[in-house]
Amino acid sequence: QFCGLALIETKRLAERVGQILEEKVTVDKPIRIHWTGCPNSCGQVQAADIGIMGAPARKLDPESGKMKAVPGCKIFVGGTIGEEGELAMDPSESGIPLDEADLVPKLVEILKEEFGAVERQ
């Protein structure tokens, strides 16, 4: 069902994060968010408004007080498609843990700053 090269599971996470973002913010135009599990980029994250690529991340383990490897991502912003399309080749963010508590606020910030999103009341 899933690619053997993937660093992260994307389908369930993409659906969940999409639902949360729709509850948190509104944007006056459709935003293309592409997900891919690994650097092979089958999901074409560089061509998306927002692209999320599986990558390593580290997060503080509250029990040990040490940084711990966790599933994470790189976030690409500003890719376009069409005749004048341009790829977002450099990630705007790297090493973001996939926990909703880490990823969702970062995506809300990007949606507000780059795409004029407004938080729902």
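About the cut-offs
Residues numbered from 1 in each chain as written. Predicted model: local features only at pLDDT ≥ 70, side-chain atom pairs only at ≥ 80, totals over all residues. Heavy atoms only, no water. Helix = DSSP H or I, 4+ residues; strand = E, 2+ residues; numbered from the N terminus. Rg over C-alpha atoms; globule rule 2.2 N^0.38 Å. Buried < 20%, exposed > 50% of the residue type's maximum accessible area, 1.4 Å probe, protein only. Contact = heavy atoms within 4.5 Å. Areas by Shrake-Rupley, 256 points an atom, 1.4 Å probe, with all protein chains shown as cover. Lys, Arg positive; Asp, Glu negative; His and termini not counted. Charge placed at Lys NZ, Arg CZ, Asp CG, Glu CD. Pairing = 2+ DSSP bridges. Axes fitted to C-alpha atoms, helices over the stretch in contact; angles between N-to-C directions. 1 Å grid on protein atoms, 1.4 Å probe; cavity = no way out; pocket = protein on both sides within 12 Å on 5 of 7 lines; lining within 4 Å. Points joined across faces, edges and corners; volume = space filled by probe spheres on them. Nonpolar A, V, L, I, M, F, W, Y, C, P; charged D, E, K, R; others polar.

## Some points on the overall build of the protein
So, step 1. For the protein, the count of helices and strands is 2 helices and 6 strands.
So, step 2. Counting from the amino terminus, helix and strand elements in the protein follow one another as α-β-β-β-β-β-α-β.
So, step 3. Expected size for 121 residues packed as a compact globule is a radius of gyration near 14 Å; at 15 Å, the protein falls within 12% of this value.
So, step 4. Taking the principal axes of the C-alpha coordinates as reference, the protein spans close to 50 × 40 × 30 Å.
So, step 5. Going through the 121 residues of the protein one by one, you find that 36% of them count as buried.
So, step 6. In the protein, once contacts between residues fewer than 6 apart in sequence are set aside, the share between residues at least 24 apart is 51%.
So, step 7. Approximately 7,600 Å² of the protein is accessible, and the part contributed by carbon and sulfur atoms is 50%.
So, step 8. The average position of the 14 basic charges and that of the 20 acidic charges among the side chains of the protein differ by 7 Å.

## Here we look at the sheet that holds strand β5 (residues 93–97)
So, step 1. An order of β2-β3-β4-β5 is seen for the 4 strands of this open sheet, with the pairing classed as mixed. Looking at strand neighbours, the two that pair on one side only are β2 (33–36) and β5, the edges of this open sheet. Taking the axes of each pair of neighbouring strands and ignoring which way they run, one obtains an average angle of 40° across the sheet.
So, step 2. Note that β2 and strand β3 (residues 50–60) share 4 bridges and pair parallel.

## A closer look at the layout of surface pockets
So, step 1. By volume, the largest pocket amounts to about 310 Å³.
So, step 2. Surrounding the largest pocket, 16 residues form its lining, G18, L21, E22, I31 and I33 being those nearest its centre.
So, step 3. Going through the elements one at a time, α1 (11–24), β1 (25–26), β2 and α2 (100–115) are the ones with two or more residues in the lining of the largest pocket.
So, step 4. Ranked by residues supplied to the lining of the largest pocket, first place goes to α1 with 5 residues.
So, step 5. Split into classes, the residues belonging to the lining of the largest pocket amount to 11 nonpolar, 2 polar and 3 charged.

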